[in-house]
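Secondary and tertiary structure notes
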Amino acid sequence: MDGVIEAPETWHFPFVNDEVQAEINAGIHATDALLLGRVTYEAFAPFWPSQANNEHGIADHLNKIPKYVVSTTLRSATWSPSTLISANIVAEITHLKQQSGGNIGVTGSATLVQSLMGANLIDEYQIFIHPVVVGHGKKLFNTMDKSTALKLVSSRIFSTGVALMTYQPVSAS
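These lines cover the structure that appears in this document, whether it is placed above or below.

Comments concerning the packing of aromatic side chains
- Tallied over the full model, the rule gives four aromatic pairs.
- Considering the side-chain rings of Phe44 and Trp79, the 6.5 Å spacing of their centres and the 70° angle between planes classify their relative orientation as edge-to-face. Of this pair, Phe44 sits in helix 2 (residues 38-44) while Trp79 is found in the loop between strand 2 (67-70) and strand 3 (82-85), placing the two residues 35 residues apart along the sequence.
- Trp79 sits in the buried class, given a relative accessible area of 3%.
- Consider the rings of Phe47 and Trp48, whose centres lie 5.0 Å apart with planes at 85°: the pair is edge-to-face.
- For Phe47, a relative accessible area of 40% corresponds to the partly exposed category.
- With relative accessibility at 18%, the residue Trp48 sits in the buried group.
- If you follow Lys67 out to its NZ or CZ, it ends over the ring of Trp79, 4.5 Å from the centre.

Some words on the nonpolar core
- Formed by 15 residues in total, the largest nonpolar core has its most connected members in Leu35, Ile93 and Leu116.
- The set of elements that each furnish at least two residues to this core consists of strand 1 (33-37), strand 2, helix 4 (89-98) and helix 5 (110-118).
- Per element, the largest residue contribution to this core is four residues, and it comes from helix 5.
- Apart from residues lying up to four places away in sequence, Leu35 is in contact with Tyr68, Val70, Ile93, Ile104, Gly105, Val106, Thr107, Ser109, Leu112 and Leu116.
- Leu36, Tyr41, Ala59 and Trp79 belong to the second largest nonpolar core, which has 13 residues in total.

Looking at the sheet that holds strand 4 (residues 104-106)
- Read from one edge of the open sheet, four strands run 3-2-1-4, paired in parallel fashion. For this open sheet the edge positions go to strand 3 and strand 4, each flanked by a neighbour on one side alone. Between one strand axis and the next, the sheet turns through 25° on average, direction left out of account.
- In this sheet, strand 3 lies alongside strand 2 in parallel orientation, the contact comprising four bridges.

Some remarks on the side chain of Ser71
- Within the fold, Ser71 resides in the loop between strand 2 and strand 3.
- Note on Ser71: relative accessible area 4%, which makes it buried.
- At 3.0 Å, the side chain of Ser71 and the backbone nitrogen of Thr73 are in polar contact.
- Only 2.9 Å separates the side chain of Ser71 from the backbone nitrogen of Leu74, close enough to count as a polar contact.
- Dropping the residues within four chain positions of it, Ser71 is found in contact with Arg38, Leu84, Ile85 and Ser86.

So, the environment of Val70
- Structurally, Val70 is set in strand 2.
- Take Val70: its relative accessible area is 11%, and that puts it in the buried class.
- For the pair formed by Val70 and Leu112, sequence separation is 42 residues and the distance between their alpha carbons is 7.5 Å.
- Beyond its immediate chain neighbours, meaning those up to four positions away, Val70 contacts Leu35, Leu36, Gly37, Arg38, Ile85, Ile89, Ile93 and Leu112.

Quick look at the pattern of salt bridges
- Taken as a whole and judged by the stated rule, the model has four salt bridges.
- In this structure, the salt-bridge partner of Glu19 is Arg156, at a minimum N-O distance of 4.0 Å. Note that Glu19 is positioned in helix 1 (residues 18-29) and Arg156 in strand 6 (residues 150-157), a separation of 137 residues in sequence.
- Judged by its relative accessible area of 27%, Glu19 is partly exposed.
- Connected through shared salt-bridge partners, Glu19, Glu23 and Arg156 make up one network.

Parameters at a glance
- Residues numbered from 1 in each chain as written.
- Predicted model: local features only at pLDDT ≥ 70, side-chain atom pairs only at ≥ 80, totals over all residues.
- Heavy atoms only, no water.
- Phe/Tyr/Trp six-rings, centres within 6.5 Å; stacked < 30°, edge-to-face > 60°.
- Helix = DSSP H or I, 4+ residues; strand = E, 2+ residues; numbered from the N terminus.
- Buried < 20%, exposed > 50% of the residue type's maximum accessible area, 1.4 Å probe, protein only.
- Lys NZ or Arg CZ within 6 Å of the ring centre and 35° of its normal.
- Core = buried A, V, L, I, M, F, W, Y, C linked by side-chain atoms within 4.5 Å.
- Contact = heavy atoms within 4.5 Å.
- Pairing = 2+ DSSP bridges.
- Axes fitted to C-alpha atoms, helices over the stretch in contact; angles between N-to-C directions.
- Polar contact = N/O pair within 3.5 Å; in protein donor to acceptor, adjacent residues only side chain to side chain.
- Salt bridge = Lys/Arg side-chain N within 4 Å of Asp/Glu carboxyl O.

The structure is reproduced here in structure tokens:
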């Protein structure tokens, strides 16, 4: 509840039941392309290609959709199909968003998300709020240098106390 997004393996799983997992699965399947920062990419790339597909089709889906990896230090992105974005990042992501092709999702990748927020490149925030105060760690909104008004477009409360809040930035008029 305190906005910590770091090390979810230490606090996320006690609150995941079939209901929460179904929502996570639906979100993955609604993603037509994945935008990843280097750290998340380096965790996902060796893991997902070797996974046998489960009954929810997550591995197959993640392995087949286009992945765009934002990094100034990686020299290649081998998890197919992947494209490395290492220069003109804001312009490249802006161009990517203008193409047809559906929803671009971001998971993990806190530094990337914070950069996207600063460049006003996020169309929608889907935030799972867990009923726990972690007390320390990286927070999603701690690098904002200006306020950003958001409009609540949907909310859902799960039996484990997890809340899924979906917000969209309010356009300046």
